[in-house]
Amino acid sequence: MLCSPPQANIFRMEGPTADPTSQPWPGPPPQPEIPAPSSRRETWTGKYKFLLSCLGYCVGLGNIWRFPYLCYRNGGGVFLIPYFIMFLVVGLPLFLMELSLGQYGAVGPVAVWKCCPLLKGIGIAMLIVSSLVSLYYNVIIAWAFYYLGSSFQSPLPWSCDAPSNAYLCQNASGIAGWASASEVFWNEQVLGVMHSSGLGDPGAVQWPLALCLLAAWILVFFCTLKGIHSSGKMVYFTATFPYLVILTLIIWGAMLDGSLDGVRFYLSSDWSRLQSAQVWSDAASQIFYSLCIGFGGLVSMASYNKFDNNVIRSTLVITIGSCCTSFFAGFAIFSVLGHMAWRKQVPVGSVTDSGPGLVFVAYPEALSLLPISPLWSVLFFLTLFTLGVDTLFANIKGITTAILDKFPALHNRRRKAALLGALCTSFYLLGLLLVTQGGIFWFTLIDKYSTGFGLIVVSLFMCLGIVFCYGMNQFCQDIMDMICQCPPWYRQCWAFFTPCLLLSMLICTYLDMHSVPLRYSTYEYHAWSTSLGICMGVLTCLPILLWAVAALCRESGTLSDRFQKATQPLRSWRTAAGRSMAGDVIACQSLSP
């Protein structure tokens, strides 16, 4: 049995020799697209490199850093319920949608919208979200790098064995307001947050962190410059070694006094928390973060695939692997939190702040209790550092792929290096605000609104655009052209369940912005800072609307005619890699005997 493209011509004709009679609408033909000079596109040298690269992209700091603190903030085990519902109804379908778009089109997150020019603003919005996340994501890598450098000391500077921490660890048990040595190290030595009064008082730059941030951006620059092949080789280590380290921490944490209380808190369910919109909103944002949906990186990485790569199998392997890693890493965190609660004689839910620094308190605490603790600390923070760089590499790769697709002349090595240098330098200079003494307040604000609001909006428009503008049947046919199957579950989610749930989450997130004030530790954000965060969220939506209006204005005829023309795929759709639509006939073996 042969799977071949449909016979009907669905493409907008391009070029000066296009036959006007082939246009599916009345009126003058649209402006021809000027083809850009094409260059042969790189491809992954093996499917396992793609799988490991995507797994390394998705399994990153979002799993080890963000998931535990959101789980802790939202009542422990009850958070797992909305998280796995979001995984099934939102995560799986949208992940497959992005991989399919990238693999079928063989272009980046902006150029891929040749399939529906009206929606090109979605690709631009993805780049804005990716830029906002990249801006503060590398700050986490800088924190990990700082801890890595501090790990080459014995005893560790955040352990009770360090002479400077003797006053913290003597007779501390049972004191409710007692701060552990790891908490003091994080707040005073790393962040310097004690010297800032809030968002409007950033204070001085923490220069050790600024140097760590510079080193991280230099590393990202060279990784991105070398291309996908250097990443493919690196992920054999970065995508597998973290599991060994986390497993060691889980085993050792299970032997600590009070660890079972922490695990019990992690797996317990307070059903009343499900009535909170924040729990569902955080679950949705964490799915986007764990699976890297809406950033454009998945589209970019899939664009280097062979045309007949099994995207459904890739989706299942990567998404299940990523979400299971989040769940797996939670045991390491909560076993240590249980031990900290046992030492403080307080409930697990009150043992420490539930901010983004939770991992930089709990993991160092666990590492300081291991034998040969400096060695394990070096291995762990090296893992955290490489995981973060692996994810950020794909984010920057998505941004540069979009720019290079638009300006092919920049493929020249020198020009590409100049482009990357300008991007990394800009991100570094902007990121200096986040490594000031009050930088953690800005960090929390960007983290809340760039992922919690912006990604939901981008993903909602992407889903609605593919279903109602490009066409559900045509999109499923594209997947059939590649792998000869399109399971009904995904069709139902794309058509109904996913957009409905995303719309509900968008409404809940909006209401949550006004009803629940944003906090970091004891600091409550002012109304003006919330407004600033909302502006960041709106910034991601504007390109979608503005580009749609511009696309309609460029066409002629009635509004209905303009809409029809603006939603027609361009003839260059999916031909960037020299793969002609008419020339692709993929042989499929029938499953029937």
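Our subject is the structure listed above.
Residues numbered from 1 in each chain as written. Predicted model: local features only at pLDDT ≥ 70, side-chain atom pairs only at ≥ 80, totals over all residues. Heavy atoms only, no water.

Participant: Just to check I follow, could you spell out the packing of aromatic side chains for this structure?
Facilitator: This structure, assessed with the given rule, holds 38 aromatic pairs. Here the aromatic rings of Tyr104 and Phe307 are separated by 5.6 Å at their centres, their planes lie at 45°, and the arrangement is tilted. In this pair, Tyr104 sits in helix 3 (residues 80-105) while Phe307 sits in the loop between helix 12 (297-302) and helix 13 (311-344), placing the two residues 203 residues apart along the sequence. Overall, the relative accessible area of 2% leaves Tyr104 in the buried class. The buried category is assigned to Phe307, whose relative accessible area is 9%. Ring centres of Phe441 and Tyr523 lie 4.7 Å apart, and the angle between their planes is 55°; this geometry places the pair in the tilted category. Placement of the pair is Phe441 in helix 17 (residues 439-483) and Tyr523 in strand 3 (residues 523-524), with a sequence separation of 82 residues. Accessibility expressed as a relative area gives 5% for Phe441, which makes it buried. (Phe/Tyr/Trp six-rings, centres within 6.5 Å; stacked < 30°, edge-to-face > 60°. Helix = DSSP H or I, 4+ residues; strand = E, 2+ residues; numbered from the N terminus. Buried < 20%, exposed > 50% of the residue type's maximum accessible area, 1.4 Å probe, protein only.)

Participant: Looking at this structure, I do not really get the packing of helix 9 (residues 241-254) against helix 15 (residues 373-406). What am I missing?
Facilitator: Relative to each other, helix 9 and helix 15 sit at 135°, their axes nearing to 10 Å. As judged from the angle between their axes, helix 9 and helix 15 are oblique. As helix 9 packs across helix 15, the resulting crossing turns out to be left-handed. Along its contact with helix 9, which presents Phe241, Pro242, Val245, Thr248 and Leu249, the element helix 15 presents Trp376, Leu379, Phe380, Thr383 and Leu387. Along the lines of polarity and charge, the residues of the contact of helix 9 with helix 15 split into 8 nonpolar, 2 polar and no charged. (Axes fitted to C-alpha atoms, helices over the stretch in contact; angles between N-to-C directions. Parallel < 35°, antiparallel > 145°, perpendicular 65-115°, else oblique. Left-handed = near helix turned anticlockwise from the far one by under 90°. Contact = heavy atoms within 4.5 Å. Nonpolar A, V, L, I, M, F, W, Y, C, P; charged D, E, K, R; others polar.)

Participant: I keep staring at the environment of Val299 and nothing clicks. Help me out?
Facilitator: Checked against the element boundaries, Val299 lands in helix 12. On the basis of relative accessible area, Val299 is assigned to the buried category, the value being 1%. With 197 residues separating them along the chain, Val299 and Gly102 place their C-alpha atoms 4.2 Å apart. Not counting residues up to four positions away in its chain, the partners in contact with Val299 are Glu98, Gly102, Val107, Gly108, Pro109 and Val112.

Participant: Mind showing me how you'd approach the nonpolar core here?
Facilitator: One recurring pattern in soluble globular proteins: nonpolar side chains tend to sit buried together. Formed by 191 residues in total, the largest nonpolar core has its most connected members in Trp65, Trp143, Leu337, Phe360 and Trp494. The element best represented in this core is helix 17, accounting for 24 residues. (Core = buried A, V, L, I, M, F, W, Y, C linked by side-chain atoms within 4.5 Å.)

Participant: What is the right way to read a nonpolar patch on the surface from this model?
Facilitator: Where nonpolar side chains cluster on the molecular surface, the patch consists of Leu88, Trp489, Phe496 and Phe497 and spans about 400 Å² of accessible area. The element contributing the most residues to the nonpolar patch is helix 18 (residues 488-515), with 3 residues. Locating Trp489 in the fold gives a position in helix 18. (Patch = residues over 30% accessible without salt bridge, like charges linked within 9 Å, V, L, I, M, F, W, Y side chains within 5 Å. Areas by Shrake-Rupley, 256 points an atom, 1.4 Å probe, with all protein chains shown as cover. Salt bridge = Lys/Arg side-chain N within 4 Å of Asp/Glu carboxyl O.)

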